Amino acid sequence: MPDDLDTAFGPADLAATALERAFRDAGLGPQDVDLCLAVRLFGDSGPAFPNPFGGPDNLGAAALARVGASAQKHIYSHAGGEQPQTFVAEAAKALMAGEAQMVVILGAEAIANVKAASRAGASPDWNETTEVPMEDRGPFASGPFMVTPQAIAHRIAAPVYYYALMETARRAALGESREAYAQTMGALWEHFAAVAAENPHAAIRTAPSGADILTPSPKNPIVTTPYTKAMVARDGVNLGAAVLMTTYGHAKALGVNDVTFLHAHTHASEPAPITRADFHRAPAQAAVLKTLQDKADMIDLYSCFPIVPLEAMAELGLNIGDKPITLTGGLPFFGGPGNNYALHAIAEAHARVRGTAKTAGIYANGGLASKHAAGLYGGEPPEALSIQKSADTSEAVSVVTDANPEGRILTYTIEHRHGAPTGVLVVGETKDGARFYARSGVERVPEFLEGDPIGEAIMTETKAGVNGF
């Protein structure tokens, strides 16, 4: 953390530092590139992510300029944690088509500085005009929106609500008690934290135990059941990453022999959680993970919330200890730098497999388990490179739009503020299989703390578009 927060470094500074180190790691001096792919900043990803100190009009151009380089073409990604991996596939296609000879992928976040400066009343100015043209793809890709109007009406916007609802639905589908399922989450996160403790770039290197992670405290309050603060992605970090991509022939011509090869890539997307056949599952995740099945010696599983790696492990038939399942320590402990985490995982995969016969898999997740991408990397060239798109999942369940829906409780979460419960959010399912959101105030909380009313009947009264129960 800088001493003077009024002059604190911003994301372009972090991205430039990572880029300079990437060139140095390759044994090259900074040089101009054909294509620069920049991962979208959180501050440009929607109103839920404030950006009080501004930023450059072109993140990639600003970072390149700091190291004395430039690019012929700039692209700024959609929002989503899968974007770094999909950028790798896009770069590979451009290289194979002869549209580029050298590509840079970069991204960074200085959210720790944002939070510290905001608390201190400081005002760093990160606005920067490069006047370099850029293809801005906008925050949202085409296709179904991951948040439904009914969810917005019920004030269900933040990912921590959706993943908590999915997590409880998964526990119910497995038939586990809250206590047993909590132990599963704690054991997994303890493993991730131990890996982060050995990573010099990780935000948290204290190796907290599963009990430490699960136990609420003033510094580790419950956010939404079943999550404490320590269980969710830690976005308050200063982290940057950069990757250089070229063809093997050009790498050899430059004198770069210590390389990693892309073997395979696939990606796919999901509709809004409430419309999925199983609320806790994302079939698109299962589809892209086939790219890694029995092919990767080590894997980095995206870990914004426990359900994401737990479902991925189930799909891959893995248990803790079978093989590495995080290369960095994961988003809660290494850190979750906005949309850019997977680029750090890719950089770590390169460090692990280059110069070896080993392979590494990267699984990246975006949105509300909405967008999925997987990449397979190796220290030796593949027999053939496979870049494909798996089939997107279609909506399988309708959403109730009539007033006063009733049915049974499919899943729930208790929302908290400053560690104290403030209400209950429920997903209900009618006898016809349609779904609806409902919420209550704090008066219903004891029933959900003392019991576990999955499957119980629920009646609602709709007022101003909100289903109270």
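Coordinates for the structure precede this section.
This is a predicted model, so every value here is computed, not measured.

(A) Geometry of the overall build of the protein. Scanning the protein for helices and strands turns up 13 helices and 18 strands. Taking 23 Å as the expected radius of gyration for a compact globule of 469 residues, we find that the protein reaches 22 Å, a close match to that expectation. Taken along the three principal axes of its C-alpha coordinates, the protein extends 70 × 55 × 40 Å. Relative to its 469 residues, the protein shows a buried fraction of 54%. The long-range fraction of contacts in the protein, counting pairs at least 24 apart against all pairs at least 6 apart in sequence, stands at 77%. Total accessible area on the protein stands at roughly 19,500 Å², and carbon and sulfur atoms take up 51% of it. Separation of charge centres in the protein, based on 35 positive and 51 negative side chains, amounts to 2 Å.

(B) Up close: unusual backbone geometry. Cis rather than trans, the peptide bond between T225 and P226 has omega equal to 10°. Mapped onto the elements of the fold, P226 is located in the loop between β5 (222-224) and β6 (227-228). Notably, R155 is not glycine yet its phi reads approximately 60°, a positive angle. Inspection of the secondary structure puts R155 in the loop between α5 (149-153) and α6 (159-174).

(C) Summary view of the packing of helix α1 (residues 11-25) against helix α2 (residues 59-66). Interaxial distance between α1 and α2 falls to 8 Å at its minimum, and their mutual angle equals 55°. With respect to α2, the element α1 is oriented oblique. Remark: the crossing between α1 and α2 carries right-handed chirality. Residue-level contacts link P11, A12, D13, A15, A16 and L19 of α1 to L59, A62, A63, L64 and R66 of α2. Its residues placed into classes, the contact of α1 with α2 shows nine nonpolar, no polar and two charged.

(D) The packing of helix α3 (residues 83-96) against helix α12 (residues 341-353), seen in detail. Two elements in contact, α3 and α12, have axes separated by 7 Å at closest approach and are oriented at 60°. By the criterion of interaxial angle, the relationship of α3 to α12 is oblique. Of α12, the residues touching α3 (which contributes P84, Q85 and V88) are A342, L343 and I346.

(E) The arrangement of α12 in detail. Its 13 residues place the ends of α12 19 Å apart at the C-alpha level, agreeing with the 18 Å of an ideal helix rising 1.5 Å per residue. Y341, A342, L343, H344, A345, I346, A349 and V353 are the residues of α12 that are buried. Against the buried residues of α12 lie α3, β3 (102-110), β7 (238-246), β9 (298-301), β10 (359-366) and β11 (371-378). Positioned one or two residues after α12, G355 has a phi angle of 75°, which is positive.

(F) Spotlight on the pairing of strand β13 (residues 406-417). In the sheet, β13 pairs with strand β16 (residues 457-459) via three bridges, with the strands oriented antiparallel. In the sheet register, E406 faces β16, and the bridge partner there is M459. When β13 meets strand β14 (residues 420-429), the two strands line up antiparallel, connected through nine bridges. Across the sheet, the residue bridging to Y412 is V426, located in β14. Hairpin geometry of β13 and β14 is characterised by an intervening segment of two residues between the two adjacent antiparallel strands and by a positive phi of about 55° at H418.

(G) Representation of the sheet that holds strand β1 (residues 33-38) in the model. Judged by pairing direction, the sheet is mixed, and its five strands sit side by side in the order β4-β2-β1-β3-β7 without closing on themselves. Each of the sheet's edge strands pairs with one partner strand only, and the pair in question is β4 (135-136) and β7. Relative to β4, strand β2 (residues 71-76) runs parallel, the two being bridged by two bridges. What sits directly across from I75, in β4, is E135. Where α1 meets the sheet, its contacts fall on β1, β3 and β7, and the angle it forms with β3 comes to roughly 140°. The strands touched by α12 within the sheet are β3 and β7, with β7 carrying the most contacts at an inclination of about 55°.

Rules and cut-offs
Residues numbered from 1 in each chain as written. Predicted model: local features only at pLDDT ≥ 70, side-chain atom pairs only at ≥ 80, totals over all residues. Heavy atoms only, no water. Helix = DSSP H or I, 4+ residues; strand = E, 2+ residues; numbered from the N terminus. Rg over C-alpha atoms; globule rule 2.2 N^0.38 Å. Buried < 20%, exposed > 50% of the residue type's maximum accessible area, 1.4 Å probe, protein only. Contact = heavy atoms within 4.5 Å. Areas by Shrake-Rupley, 256 points an atom, 1.4 Å probe, with all protein chains shown as cover. Lys, Arg positive; Asp, Glu negative; His and termini not counted. Charge placed at Lys NZ, Arg CZ, Asp CG, Glu CD. Axes fitted to C-alpha atoms, helices over the stretch in contact; angles between N-to-C directions. Parallel < 35°, antiparallel > 145°, perpendicular 65-115°, else oblique. Left-handed = near helix turned anticlockwise from the far one by under 90°. Nonpolar A, V, L, I, M, F, W, Y, C, P; charged D, E, K, R; others polar. Expected span 1.5 Å × (residues − 1). Pairing = 2+ DSSP bridges.

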